[in-house]
Amino acid sequence: MTWTTSVTQHLLKPLIIGITIGTSLCISSVSAEVGYPEKEELKFGFIKLTDMAPIAIAYEKGYFEEEGLYVSIEAQANWKVLLDGVIDGRLDGAHMLAGQPIAATIGYGTKAHIITPFSMDLNGNAITVSNDVWAKMKPHIAKQPDGFPVHPIKADSLKPVVEEFKAAGKPFNMGMVFPVSTHNYELRYWLAAGGIHPGFYAPHKGDTSGQIDAQALLSVTPPPQMPSTLEAGTINGYCVGEPWNQQAVFKGIGVPVVTDYEIWKDNPEKVFGITAEFAEKYPNTTIRLTRALIRAAKWLDDNNNGNRPEAVKILSQPNYVGADYDVIANSMTGTFEYEKGDKRSVPDFNVFFRHNATYPYYSDAIWYLTQMRRWGQIEQDQSDEWYKDIATKVYRPDIYAKAAKSLIDDKLIPASAFPDFSKETGFKAPQTHFIDNLTYDGTQPNAYINSFTIGLKQGDKL
């Protein structure tokens, strides 16, 4: 669907409405049982990353329209501008970092009650280092028979490099996209698992740098600027979503050393965020936009990723991600290139629907909260019940279930594609696929926090 088509649809909308009074031309007769949208014209924001794909596909494939929603989509300058836009109503909803609705709801940074009825994807990030840092890491990494490194590459191999920088009196700087981003927590997790302290936050003392006691200094860099900042030497590495790791490979300026799939297999990534007020004021609209996003996510994973080349073509447009087709395709089509020439099959690098990727699990929200506590963004101990209470305020599987059940009733998606809603608790079974071999049980957040060697534990204060 082109921009011209979109404009034409908006011009024709009054005519369409006139023609379809008393009919179901805009909305199918079955899905009309959900209720007509209270607000039809919507504006959604996103950041130029491939994991915004469900929004683009819902638009381009007409899923929003089929729900009676007339949506415009607008790229945002950075994550703060995006969040502020949702809070002040300039945007009706947005592609968000999973930590943003959680942080806003508990009042870390901006205070606002943001919810999510839809998880946008699993995996999709990587950590890239400069060519110079990579050259220093390689002697500490085991090799396969073909000469390429054994994966996953742990931060143990980076530790001697960080120590070399320290001995020379130089800071080791790394970029991440936002203080409450998955990227920040994944980068910190990887570093700490290798014995490198990524620093603490102390907001109660006015220190939000996240660099207290840090051996590697992490700071914010907007995703599209990561490669150029690395090339300029301002940072020595970064954690970001695609296509900005593959861009470093294509430009020959850096090497992705580890994916988030290798740090935490099938980790939750972005969410679709709206205000709690929006969901309360426009319940039918909320269910309908969730339906459209679920359908888009399924399309992205259908036919063993068979639709991905078409998705890449759409995302490469300047109004979406705007990177070259080949750069986006390098990860979106089920492969990932580490060192130049070391291209490996990673079919689940981007997951949009498989493995219940779209379901907003409470345990996912709680994992983010444990990392906020671990690094000092939550300054005081909290009970296990507190973690669950916050998760249920922010993550809304009840809305998701209504949308999913209506899609099942409409025979658009089979029930087998979704969790068993009659048994679903919102908590995943304990997860074991972490790079440090620890187990995460979302029902026991404090026990999990206490299991880390590096990081705040119960009773600790800065």
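Residues numbered from 1 in each chain as written. Predicted model: local features only at pLDDT ≥ 70, side-chain atom pairs only at ≥ 80, totals over all residues. Heavy atoms only, no water.

A.B. asks: Help me understand the overall build of the chain, please; the structure alone is not making it clear to me.
C.D. replies: Looking only at helices and strands, one finds 19 helices and 16 strands in the chain. Computed over its C-alpha atoms, the radius of gyration of the chain comes to 22 Å, within 12% of the 23 Å expected for a compact globule of 462 residues. With respect to the three principal axes, the spread of C-alpha positions in the chain is 75 × 50 × 40 Å. By the burial criterion, 58% of the 462 residues in the chain qualify as buried. At a minimum sequence separation of 6, the contacts of the chain that also span at least 24 residues come to 74%. (Helix = DSSP H or I, 4+ residues; strand = E, 2+ residues; numbered from the N terminus. Rg over C-alpha atoms; globule rule 2.2 N^0.38 Å. Buried < 20%, exposed > 50% of the residue type's maximum accessible area, 1.4 Å probe, protein only. Contact = heavy atoms within 4.5 Å.)

A.B. asks: Just checking my understanding: could you explain the environment of Ser-130 for this structure?
C.D. replies: Along the chain, Ser-130 turns up in strand β6 (residues 125-130). Judged by its relative accessible area of 11%, Ser-130 falls in the buried class. Placed 129 residues apart in sequence, Ser-130 and Thr-259 show a C-alpha to C-alpha distance of 16 Å. Within polar-contact distance, the side chain of Ser-130 engages the backbone nitrogen of Val-133 at 3.2 Å. (Polar contact = N/O pair within 3.5 Å; in protein donor to acceptor, adjacent residues only side chain to side chain.)

A.B. asks: Explain the packing of helix α16 (residues 362-374) against helix α17 (residues 384-394) to me, please; I cannot follow it from the model alone.
C.D. replies: Geometry of a packed helix pair, given as the angle between the helix axes and the separation of the axes. Contact geometry for α16 and α17: axes closest at 9 Å, N-to-C directions at 125 degrees. Between α16 and α17, the crossing angle belongs to the class labelled oblique. Crossing angle aside, the handedness with which α16 passes α17 is right-handed. Contact with α16, carried on its side by Tyr-362, Ala-365, Ile-366, Leu-369, Thr-370 and Arg-373, involves Trp-386, Tyr-387, Lys-388, Ile-390, Ala-391 and Thr-392 of α17 and no other residues of that element. (Axes fitted to C-alpha atoms, helices over the stretch in contact; angles between N-to-C directions. Parallel < 35°, antiparallel > 145°, perpendicular 65-115°, else oblique. Left-handed = near helix turned anticlockwise from the far one by under 90°.)

A.B. asks: Would you explain the pattern of salt bridges in this entry?
C.D. replies: Side-chain pairs of opposite charge can arise whenever the charged atoms involved come near each other. Following the criterion strictly, the structure yields 22 salt bridges and no others. We note a salt bridge from Glu-164 to Lys-136, for which the minimum N-O separation is 2.8 Å. Of this pair, Glu-164 sits in helix α7 (residues 159-167) while Lys-136 is found in helix α6 (residues 131-137), placing the two residues 28 residues apart along the sequence. For Glu-164, a relative accessible area of 41% puts it in the partly exposed group. (Salt bridge = Lys/Arg side-chain N within 4 Å of Asp/Glu carboxyl O.)

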